[in-house]
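For reference, the chains in residue letters:
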Amino acid sequence: MDGLRGRLTCDAPLAKLVWFKTGGRADWLFEPADIDDLRLFLERLDGSMPVMALGLGSNLIVRDGGIPGVVVKLGKPFARVEVIEDQVVACGGAAHGILVASVARDAGIAGLEFMRGIPGTVGGFVRMNGGAYGREVSDVLIDCDIVLPTGECVRLPVADLGYTYRHSELPEGATVIAARFQGRTGDIAAITREMDRIAEQRERSQPLRTRTGGSTFKNPPGRKAWELVDAAGCRGLMLGGAQVSEKHANFLLNTGAATGADIEELGEEVRRRVYEQSGVNLEWEIQRVGRP
């Protein structure tokens, strides 16, 4: 740690850092003071152990055996959002989607309203090609800055990310530290109305303020995952302390005492029943990480 200014924790509990509020520990958790601190730390690791970046933990099941290697958690120094020239919004990797959308709105920049509906950070939804309400990150991303597990910092244009639905080809172990999004000139009142509409629709249809992980399964082409789950009779289904939400069938819940295994096993049971009922093999959208 000589010369490092961030915080390094051994055997760090992760449950409090993810939306499901359950799961194992990280072998190591590093919270860098800034970009230089992160690069120095990773250079010293020299590829000796795996590295995983953690954002809001809103789309993540941490398995009960914990995460090997180092988990990198970006904090406030990486959460800045600013408007630069030509309706471009520059963001740190730890900035929340709602902040990105709000800063753009206040500057009269349209096209980023959908980020109001993504429960995560810039780093997470750049990696996952996050989207909501008909738009996704690949529609607006210009480029992103990443730090590789070696400590090398690289800028990648959107064309190099190999985006498909809820997937990118970011290098394994890369940490997204910044991104730039292209908006367009818009009317502040109209942008506000659209953001309010998104917020109201989320409130009406999703189990907010619960221990959940967001959308569990990807929508198959031309289909809605929640409709397939519902048709298979899985709404409200329980396994241990985990439950399929009654409000939105594509959300899993920790009802209070669920383990990571409960949640993952419930998801697999839902996938099995959906396949039996409709022949559709649902793909996980939530990331499942760590040792069983």
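What you see is a predicted model, and the numbers here were worked out from it, not measured in a lab.

### Points about the state of the cysteines
Using the criterion set out here, one finds 0 disulfides in the structure. Cys 144 forms no disulfide, and the closest cysteine sulfur to it belongs to Cys 153, at a distance of 9.9 Å. Overall, the relative accessible area of 34% leaves Cys 153 in the partly exposed class.

### Let's talk about the packing of aromatic side chains
Scanning all chains against the criterion turns up 3 aromatic pairs. Relative to Phe 41, the ring of Phe 30 lies with its centre 3.9 Å away and its plane at 15°, an arrangement referred to as stacked. A residue pair is termed long-range when its members are at least 10 positions apart, and Phe 30 in strand S2 (residues 25-31) and Phe 41 in helix H1 (residues 35-45) qualify at 11 residues. According to the relative accessible area criterion, Phe 30 is buried, its value standing at 0%. A relative accessible area of 6% places Phe 41 in the buried class. With a centroid separation of 5.3 Å and an interplanar angle of 55°, the aromatic rings of Phe 217 and Trp 284 are classed as tilted. Note that Phe 217 is positioned in the loop between strand S15 (212-215) and helix H5 (225-231) and Trp 284 in the loop between helix H6 (260-278) and strand S19 (287-289), a separation of 67 residues in sequence.

### Observations concerning the pattern of salt bridges
Under the defined criterion, the tally for this structure stands at 20 salt bridges. In this structure, Glu 31 engages Arg 7 in a salt bridge whose closest nitrogen and oxygen atoms are separated by 3.3 Å. Of the two residues, Glu 31 sits in strand S2 while Arg 7 sits in strand S1 (residues 7-13), which places them 24 residues apart along the sequence. On the basis of relative accessibility, which here comes to 24%, the residue Glu 31 falls in the partly exposed class. The residue Arg 288 makes a salt bridge to Glu 264 at a minimum N-O spacing of 3.5 Å. Here Glu 264 lies in helix H6 and Arg 288 lies in strand S19, a separation of 24 residues in the sequence. One connected set of salt bridges, linked through shared partners, spans Asp 143, Asp 145, Arg 155 and Arg 180.

### Details of unusual backbone geometry
We note that Gln 87 has phi near 60°; this positive angle belongs to a residue other than glycine. Inspection of the secondary structure assignment puts Gln 87 in the loop between strand S6 (81-84) and strand S7 (88-92). Look at Gln 87 and you get partly exposed, because its relative accessible area is 31%. In this structure, Asn 129 takes a positive phi of about 50° despite not being glycine. Examined against the element boundaries, Asn 129 turns out to sit in the loop between helix H3 (122-128) and strand S9 (131-132).

### A few points about the packing of helix H2 (residues 97-106) against helix H4 (residues 188-205)
Contact geometry for H2 and H4: axes closest at 9 Å, N-to-C directions at 160°. It follows that H2 is roughly antiparallel to H4 by the angle criterion. Two secondary-structure elements touch here, H2 through Ala 101, Ser 102, Arg 105 and Asp 106 and H4 through Ile 188, Ile 191, Thr 192 and Met 195. Residue composition of the contact of H2 with H4, grouped by class: 4 nonpolar, 2 polar and 2 charged.

### Focus: the sheet that holds strand S18 (residues 251-254)
With respect to topology, 4 strands assemble into an open sheet ordered S15-S18-S17-S16, the strand pairing being antiparallel. Looking at the sheet topology across the chains shown, the edges are occupied by S15 and strand S16 (238-239). Bridge count for S15 against S18 is 2 bridges, and the pairing is antiparallel. Bridging from a neighbouring strand, Thr 212 pairs with Leu 253 of S18. Strands S16, strand S17 (242-244) and S18 of the sheet are contacted by H6, whose axis makes an angle of about 35° with S17.

What counts, and at which threshold
- Residues numbered from 1 in each chain as written.
- Predicted model: local features only at pLDDT ≥ 70, side-chain atom pairs only at ≥ 80, totals over all residues.
- Heavy atoms only, no water.
- Disulfide = S-S within 2.5 Å.
- Buried < 20%, exposed > 50% of the residue type's maximum accessible area, 1.4 Å probe, protein only.
- Phe/Tyr/Trp six-rings, centres within 6.5 Å; stacked < 30°, edge-to-face > 60°.
- Helix = DSSP H or I, 4+ residues; strand = E, 2+ residues; numbered from the N terminus.
- Salt bridge = Lys/Arg side-chain N within 4 Å of Asp/Glu carboxyl O.
- Axes fitted to C-alpha atoms, helices over the stretch in contact; angles between N-to-C directions.
- Parallel < 35°, antiparallel > 145°, perpendicular 65-115°, else oblique.
- Contact = heavy atoms within 4.5 Å.
- Nonpolar A, V, L, I, M, F, W, Y, C, P; charged D, E, K, R; others polar.
- Pairing = 2+ DSSP bridges.

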